[in-house]
Amino acid sequence: MHTVHTHDFAILVKLWVVFCTMSCVFLAGDAHFTWTITIMSFFYIVVQCKWKDLLGFVLFYSLTSLLLILIRRYGFRMLIFSEFHVLVFWLMTSIFIVSWDLITSPPGSVSAFLSRIRAPAGVILGVLVIFRFFPTMKAEFRGLLESMHNRGLMSVRQILLHPVAIIEYILMPMLMRCLQMADQLSVSAISRGIEAPGVRSSYYATGMRLRDYACIATYIAFVSAFLIIGGFR
Amino acid sequence: MIELRDVSFVYNGGGECIRNIDLRIEDHECVVIMGCSGNGKTTLTRLINGLAPSYYPGKLTGETIINGKPANKMLQWERAQHIGSVFQDPKSQFFSSELRGEIAFACENYGMNTGIVRVRTDAAIHDMKLTHLIETPIDRLSNGEKQKTAIASVNVLKPEVYVFDEPSANLDNEATEHLAQIIKQLKAQGHTLIIAEHRLHYLTDIADRFLYLENGRLTKSFTKEDLLALPEAIRLKMGIRSPQKIDWPELPRAEVANDKIFSLKLENITYSLKKKDILNSVSVAACPGHIVAITGKNGIGKTTLAKIMCGLLKESSGKVFIMGNQVGVKHRWKYAWYSANDTNTQFFTESIVKELLLLSVSTGAIKKHARNVLKEFSLYEYKDRHPFTLSGGEKQRLSIACGLLSNRDIMILDEPTSGLDGRNMQIVSNALKYAAAQGKTIFVITHDVELIAKACDYYLNL
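Structure report, in brief. (Residues numbered from 1 in each chain as written. Chains lettered and ligands numbered in written order. Predicted model: local features only at pLDDT ≥ 70, side-chain atom pairs only at ≥ 80, totals over all residues. Heavy atoms only, no water.)

### Some remarks on the sheet that holds strand β9 (residues 209–214) of chain B
All names here are of chain B.
Move 1: Strand order in the open sheet made by the six strands is β6-β7-β8-β3-β9-β10, with mixed pairing throughout. Since the sheet does not close on itself, it has two edges, and those belong to β6 (83–86) and β10 (217–222), each with one partner. Recorded for the sheet is a direction-independent mean angle of 20° between the axes of neighbouring strands.
Move 2: The pairing of strand β3 (residues 30–34) with β9 spans four bridges and is parallel. Looking at the pairing, Val32 lines up with Phe210 of β9.
Move 3: Against the sheet, helix α1 (residues 41–49) engages β3, β6, β7 (161–165), β8 (192–196) and β9, with an angle of about 155° to β7.
Move 4: Contacting β6 and β7, helix α6 (residues 143–155) crosses the sheet at an angle of about 165° to β6. (Pairing = 2+ DSSP bridges. Helix = DSSP H or I, 4+ residues; strand = E, 2+ residues; numbered from the N terminus. Axes fitted to C-alpha atoms, helices over the stretch in contact; angles between N-to-C directions. Contact = heavy atoms within 4.5 Å.)

### Some thoughts on the interface of chain B and chain A
Move 1: Each side of the interface is counted separately: chain B has 56 residues, and chain A has 51 residues.
Move 2: Summing both sides of the interface, chain B and chain A together bury roughly 5100 Å²; the carbon and sulfur share of this comes to 55%.
Move 3: In terms of surface lost to chain A, no three residues of chain B exceed Phe95(B), Glu108(B) and Phe348(B), which account for 16% of the buried area on that side.
Move 4: For the pair chain B and chain A, the interface holds four salt bridges.
Move 5: Along the contact surface separating chain B from chain A lie 18 residue pairs in polar contact (both at pLDDT 80 or more). (Buried area = accessible area lost by both parts, 1.4 Å probe. Salt bridge = Lys/Arg side-chain N within 4 Å of Asp/Glu carboxyl O. Polar contact = N/O pair within 3.5 Å; in protein donor to acceptor, adjacent residues only side chain to side chain.)

### A few points about the layout of surface pockets
Move 1: A volume near 490 Å³ is recorded for the second largest pocket.
Move 2: Together, 22 residues line the second largest pocket, and Arg151(A), Leu358(B), Leu359(B), Ser360(B) and Ser406(B) are the ones closest to its centre.
Move 3: Among the elements of the structure, α7 (156–161) of chain A together with α11 (352–356), α12 (364–376) and α13 (392–405) of chain B are those that each provide at least two residues to the lining of the second largest pocket.
Move 4: Its residues assigned to classes, the lining of the second largest pocket shows 10 nonpolar, seven polar and five charged. (1 Å grid on protein atoms, 1.4 Å probe; cavity = no way out; pocket = protein on both sides within 12 Å on 5 of 7 lines; lining within 4 Å. Points joined across faces, edges and corners; volume = space filled by probe spheres on them. Nonpolar A, V, L, I, M, F, W, Y, C, P; charged D, E, K, R; others polar.)

Spelled out as structure tokens, the structure:
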């Protein structure tokens, strides 16, 4: 998940960009102008040379745009998603993009940033565990579903007749695994010196570069222009 | 030099403990700690690397000296600079999803200058021959590569001492040979190595001493010659695995033949994922009572084949016959039981008895059968315990027992003896034979030549 990018912005910049993007989306007077912040987010990804992410998000945005056009102009209807759902996805695309960019940063960069702002070791450890937690839990969940299928717990009859038991069968092993994983990761961190005093460093740490300052300035200018021209909610 | 003087330890809340250990490990020495599961091997490694009692609280008495300094005067992070730890399951100790970030983690924790972090990280990657994997996400590495990454992530701090806890548990034979090379290389570089391990054959020519732990006490110490001279009956009684590399047993191949009705027959199975062939025209068949070993390198497609057999994956092409009838992917689970290598996601209820009887109609006959199976698998005394509280070997046995009670004729077991001591391996081996004697057809994915030699009748090498 955390592909190495030397073009990555500093974590501080990424946080700032998330803040600016959320401000634009949630404070915009006219929600339809949010396409501009989405385009801005695409540029933000381009500057960091994250082509795969760019492709995925362009496809996602194109799809939601197409669905909105089909719904509004041609009365297209779907079984699961309503116009409201599609509109929310369309509006939030920019937030998805910049948040994804933040959470897929190398954990070393994130922990180095937290360490620089003097976050306690417990907080840093917690953040690192969360970073690793989701991809690992995804694999665990897949294994659990396979086991349930193997035991015959995923049959339609079983699901319909015993829905509460099915939820229990999923929740209990997942909770136990959560505890185990948190334990194993904590042990791993402690045995590699997470409790050492002082400021952590990072393989990727470059400090704030000119491009980071430029990004912050660009976003300040963009958000100001966006809110002044488009107005507040 | 590491010295333990009359060290005893018991975890808060009880459990496995260590009793009156006197142990002196010289610099540059390679020591292997042997013994059955639950006898204190892991706890002893934790006492050496300091995780007990710093992370695993408990009552510690006696004195531990590291390089002439009392260990209790050292903080855990100070000790971690001198003693690096490599655990059994490397994937559970990774923080990053990419190689450099993972290996750099320890240096970053100590706040080393970024330049030094990069130099050390790149050197560790080079030393462990991982350079070609720099751009590969860690989750996609093979088990052997993950273990190398775990060692590199310790190597980066340049500790004098390495503590390994069952490092070969998830490795195939080739990866184990690579691990042996790395351990040999670390020894040649002058490191002190302490290795808690069940599989011994790859360490026989490397280790200086083999220590035997029994009920938390160090009861015996062997040289290589002593260990090799140990009579097999005594060795098995002690739960020690073979110190010699076991020759591959002469088994017939589990081949498809037209004149027999097999309980399971796979014809020309192919499986492709993202345009890559994982399995290419694989055929195999077995009759009731057969135990077939499925072997091959890590990543060759053994688990994929097993999942196709039991309907968790759909083949790209080929046919699957059960009792002579072609059976579609959606219905295979009704005939074929699958015990995954990772037993942590396999149990759903709060007791072993309930687990065995899950979805069964609880008649007197079934309860009696369950009772007999539990006794046969040495699980009866734990029948009311939560499955998560069992050891690895006990979970494997419970999974096989659930398969037996599931009323399915085919059982597919994925690495049922990984990480098991000699005694547990023997119990699992007996459990497989018991299931086969009940008329089950059994496929065992395994790297364990000892298990193959003891239990299997046929093989399929992928």
